[in-house]
Amino acid sequence: MPIAELTREWRPPWRLDVRLTLSPHRRGSRDPAFRVTPDGAVWRAVMTPDGPGTLRLLHRPDRGTVEAAAWGQGADWLLDGVPALLGAEDDPGSLTPLDRAVRVSFARRPGLRIGRTGRVFEALVPAVLEQKVVGLEAFRAWRHLLWRFGDPAPGAPEMRVPPPPAVWASIPSWEWHRSGAEAVRARTIMNAARVAARLEEDAADERLRSLPGIGVWSSAEIRQRALGDPDAVSVGDYHLPALVGWTLAGRKVDDAGMLELLEPYAGHRYRVTRLLELSGDRPPRRGPRMPVRDYRSF
């Protein structure tokens, strides 16, 4: 029996770039839970509080609308969350750009919003997989685990819905090994899965960082996506301090120097780092690059 499709139309009262706003939720070009089709529609497969669901969003700038369609048990929940997902609760207008690099990037991207998914554990798993490794390694692990343990997405069986916390908690050690994730990251995800319900109720920084294996960087990455926190700075990132220092001060800095440069933007520090990342300006690469490791052969 075909899965019913629910539809809804939303008219944002401001300029919106749907793909740019949703791009932080994509974990690599072959993410089984996220895709962009040739017509420009963005698809997300989500484990909602009501069960698995698939959301399709197509922006119609000529009409000023976003066409939303959803399938599965979580369809209504996903459609209700479209405005928040696309930044309806965000306030970019309260940012005052003080530096030329921020001012230029901000002016060029009036459609960028910081939205919230409302799904904390969904953001936690890939954040942990990305701890202290290059993106290719983390994305490979994410793909393997979703194809192995995720279910086909309702209405889009070529995609995969991330499994619920109980499934993550039960993944055997050899499957983590096959994914390329070593025991430390696997243990962090499994421990978090056991308290996932409490995390969905309270994802404050202190609560997240009370979990073994979740530090400042991971907490920020989770809150950026799940809560739409425009001030959550990814302290401890391998590249970010050098980027911020180079674009705002013409020199590379460490985490402390980055936070000092971002202090005038308190309340918007994640937004500012995102704008700087999108600007395309990069410091010259002279040091060693992080290697792509493969624990599957160990």
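Cut-off values and rules
- Residues numbered from 1 in each chain as written.
- Predicted model: local features only at pLDDT ≥ 70, side-chain atom pairs only at ≥ 80, totals over all residues.
- Heavy atoms only, no water.
- Helix = DSSP H or I, 4+ residues; strand = E, 2+ residues; numbered from the N terminus.
- Rg over C-alpha atoms; globule rule 2.2 N^0.38 Å.
- Buried < 20%, exposed > 50% of the residue type's maximum accessible area, 1.4 Å probe, protein only.
- Contact = heavy atoms within 4.5 Å.
- Lys, Arg positive; Asp, Glu negative; His and termini not counted.
- Charge placed at Lys NZ, Arg CZ, Asp CG, Glu CD.
- Core = buried A, V, L, I, M, F, W, Y, C linked by side-chain atoms within 4.5 Å.
- Phe/Tyr/Trp six-rings, centres within 6.5 Å; stacked < 30°, edge-to-face > 60°.
- Lys NZ or Arg CZ within 6 Å of the ring centre and 35° of its normal.
- 1 Å grid on protein atoms, 1.4 Å probe; cavity = no way out; pocket = protein on both sides within 12 Å on 5 of 7 lines; lining within 4 Å.
- Points joined across faces, edges and corners; volume = space filled by probe spheres on them.

Undergrad: Outline the overall build of the protein chain, listing residues and values.
TA: A count of helical and extended segments in the protein chain gives 15 helices and 7 strands. For a compact globule of 298 residues, the expected C-alpha radius of gyration is about 19 Å, and the protein chain comes in at 19 Å, within 12% of that figure. Dimensions of the protein chain along its principal axes, counting C-alpha atoms only, are 60 × 55 × 35 Å. Per-residue burial over the protein chain gives 53% buried out of 298 residues. Counting only contacts in the protein chain whose residues sit at least 6 apart along the sequence, the fraction spanning at least 24 positions is 65%. Taken together, the 44 basic and 37 acidic charged side chains of the protein chain have centroids lying 6 Å from each other.

Undergrad: Tell me about helix α12 (residues 216–226), and name the residues and values.
TA: Within α12, 10 of the 11 residues are buried, leaving the element largely enclosed by the surrounding structure. Among the residues of α12, Trp217, Ser218, Ser219, Ala220, Glu221, Ile222, Arg223, Gln224, Arg225 and Ala226 are the ones counted as buried. Residue glycine 228 follows α12 closely and has a positive phi angle near 65°.

Undergrad: Please provide a residue-by-residue account of unusual backbone geometry, values included.
TA: Although it is not a glycine, lysine 132 sits at a positive phi angle of roughly 60°. Secondary-structure assignment places lysine 132 in the loop between α5 (120–129) and α6 (135–149). Given the relative accessible area of 78%, lysine 132 is considered exposed.

Undergrad: An account of the nonpolar core is requested, with residue identities and associated values reported.
TA: Phe121, Leu124, Leu129, Trp168, Trp176, Ile189 and Leu199 are the most contacted members of the largest nonpolar core, which has 46 residues in total. For this core, the leading source of residues is α5, giving 8 residues. The contact partners of tryptophan 176, leaving out residues within four places of it in the chain, are Leu129, Leu145, Trp168, Ile171, Ala181, Ala186, Ile189 and Met190. In terms of nonpolar packing, the next biggest core, distinct from the first, is built from 18 residues, Trp10, Leu16, Val66 and Val82 among them.

Undergrad: Any chance you could break down the packing of aromatic side chains for me, citing the residues and the numbers?
TA: All told, the structure shown has 4 aromatic pairs when counted by the stated rule. The interplanar angle of 70° and the centroid separation of 5.7 Å between the aromatic rings of tryptophan 10 and tryptophan 14 together place this pair among those described as edge-to-face. Note on tryptophan 10: relative accessible area 18%, which makes it buried. The class for tryptophan 14 is partly exposed, based on a relative accessible area of 23%. Measuring from ring centre to ring centre gives 5.3 Å for tryptophan 43 and tryptophan 71, while their planes differ by 5°; the resulting arrangement is stacked. With tryptophan 43 in strand β3 (residues 42–48) and tryptophan 71 in strand β5 (residues 65–72), this residue pair connects regions lying 28 residues apart in the sequence. Three or more aromatic residues link up through ring pairs in this structure, and these residues are Trp142, Trp168 and Trp176. One Lys or Arg, arginine 113, reaches over the ring of tryptophan 14 and ends 3.7 Å from the middle of that ring. In this structure, arginine 148 packs its charged tip against the face of phenylalanine 149, placed 5.1 Å from the ring centre.

Undergrad: Outline empty space enclosed by the protein, listing residues and values.
TA: Under the counting rule described, the total for this entry stands at 2 cavities of 30 Å³ or more. Of the pockets and cavities examined, the largest cavity occupies roughly 140 Å³. Surrounding the largest cavity, 15 residues form its lining, His25, Arg27, Arg44, Glu122 and Trp142 being those nearest its centre. Those elements giving two or more residues to the lining of the largest cavity turn out to be β3 and α5. Per element, the largest residue contribution to the lining of the largest cavity is 3 residues, and it comes from α5.

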